[in-house]
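As a plain string of letters, each chain reads:
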Amino acid sequence: QVQLVESGGGLVQAGGSLRLSCAASGRTFSPYAMSWFRQAPGKEREFVAAISWSGSRTFYADSVKGRLTISRDNAKNTVYLQMNSLKPEDTAEYYCAAGRWGTTQAEYDYWGQGTQVTVSS
């Protein structure tokens, strides 16, 4: 199995930046794609970004494209989400996930505990 531990969330003003990290342990030798999802209270969990196991392919939700960047460092078993030009509507609990490439929750087998991002206006 794979364990995922997220960090880097916090409170930031609109227009500011944060970098989220997700450290993986366990079966990290497997060629997992990685992704970030987010969920605001009372709302559906939504896809944010995904990256292939090699890091050669990325895909973003339209709402974050150009502002958020996903990357991974396999030597450190870590995936990142660089968040720039943050908006209040980015406020949510952010989750990282490992599994096969996709944009839905069902396509991922392992999930982190979540880290809160709050953007004030």
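On a predicted model such as this, the values are computed, not experimentally measured, just so you know. (Residues numbered from 1 in each chain as written. Predicted model: local features only at pLDDT ≥ 70, side-chain atom pairs only at ≥ 80, totals over all residues. Heavy atoms only, no water.)

A. Representation of the state of the cysteines in the model. A complete count under the given rule lists one disulfide for this structure. Through a disulfide, Cys 22 is tied to Cys 96; the S-S separation comes to 1.9 Å. Since a negative S-S torsion denotes a left-handed disulfide, the Cys 22-Cys 96 link at about 50° is right-handed. Taken together, the residues span a long stretch of sequence, with Cys 22 in strand 3 (residues 18-26) and Cys 96 in strand 9 (residues 92-99) at a distance of 74 residues. For the residue pair Cys 22 and Cys 96, the accessibility class agrees, reading buried in each case. (Disulfide = S-S within 2.5 Å. Helix = DSSP H or I, 4+ residues; strand = E, 2+ residues; numbered from the N terminus. Buried < 20%, exposed > 50% of the residue type's maximum accessible area, 1.4 Å probe, protein only.)

B. Geometry of the sheet that holds strand 1 (residues 2-7). If you walk across this open sheet you meet the four strands as 1-3-8-7, and the pairing is antiparallel. Either end of the sheet is taken by a strand with one partner, and the two such strands are strand 1 and strand 7 (68-73). Each strand of the sheet is rotated relative to its neighbour by a mean of 15°, with strand direction disregarded. (Pairing = 2+ DSSP bridges. Axes fitted to C-alpha atoms, helices over the stretch in contact; angles between N-to-C directions.)

C. Region of the structure containing the side chain of Glu 93. With respect to the element layout, Glu 93 can be found in strand 9. Despite its burial, Glu 93 pairs with no opposite charge; the closest candidate is Arg 45, at 8.2 Å N-O. In this structure the side chain of Glu 93 is engaged in a polar contact, spanning 3.4 Å, whose partner is the backbone nitrogen of Thr 115. Residues contacting Glu 93, with those up to four places away along its chain left out, are Phe 37, Arg 38, Gln 39, Gln 113, Gly 114, Thr 115 and Gln 116. (Lys, Arg positive; Asp, Glu negative; His and termini not counted. Salt bridge = Lys/Arg side-chain N within 4 Å of Asp/Glu carboxyl O. Polar contact = N/O pair within 3.5 Å; in protein donor to acceptor, adjacent residues only side chain to side chain. Contact = heavy atoms within 4.5 Å.)

D. Just the packing of aromatic side chains, in detail. All chains considered together, the criterion is met by six aromatic pairs. Here the aromatic rings of Phe 37 and Phe 47 are separated by 5.7 Å at their centres, their planes lie at 75°, and the arrangement is edge-to-face. Of this pair, Phe 37 sits in strand 4 (residues 33-39) while Phe 47 is found in strand 5 (residues 46-51), placing the two residues ten residues apart along the sequence. For the pair Phe 37 and Phe 47, a shared accessibility class is recorded, and that class is buried. A network of ring pairs unites the aromatic residues Phe 37, Phe 47, Phe 59, Tyr 108 and Trp 111 as a single cluster. If you follow Arg 45 out to its NZ or CZ, it ends over the ring of Tyr 95, 3.9 Å from the centre. The lysine or arginine in question, Arg 57, covers the ring of Trp 101, its NZ or CZ lying 4.4 Å from the ring centre. (Phe/Tyr/Trp six-rings, centres within 6.5 Å; stacked < 30°, edge-to-face > 60°. Lys NZ or Arg CZ within 6 Å of the ring centre and 35° of its normal.)

E. Representation of unusual backbone geometry. Here the phi dihedral of Asn 77 falls at roughly 55°; this positive angle occurs in a residue that is not glycine. Note on placement: Asn 77 falls in the loop between strand 7 and strand 8 (78-83). A positive phi angle, near 50°, is found at Ser 85, a position not held by glycine. Tracing the sequence through the fold places Ser 85 in the loop between strand 8 and strand 9.

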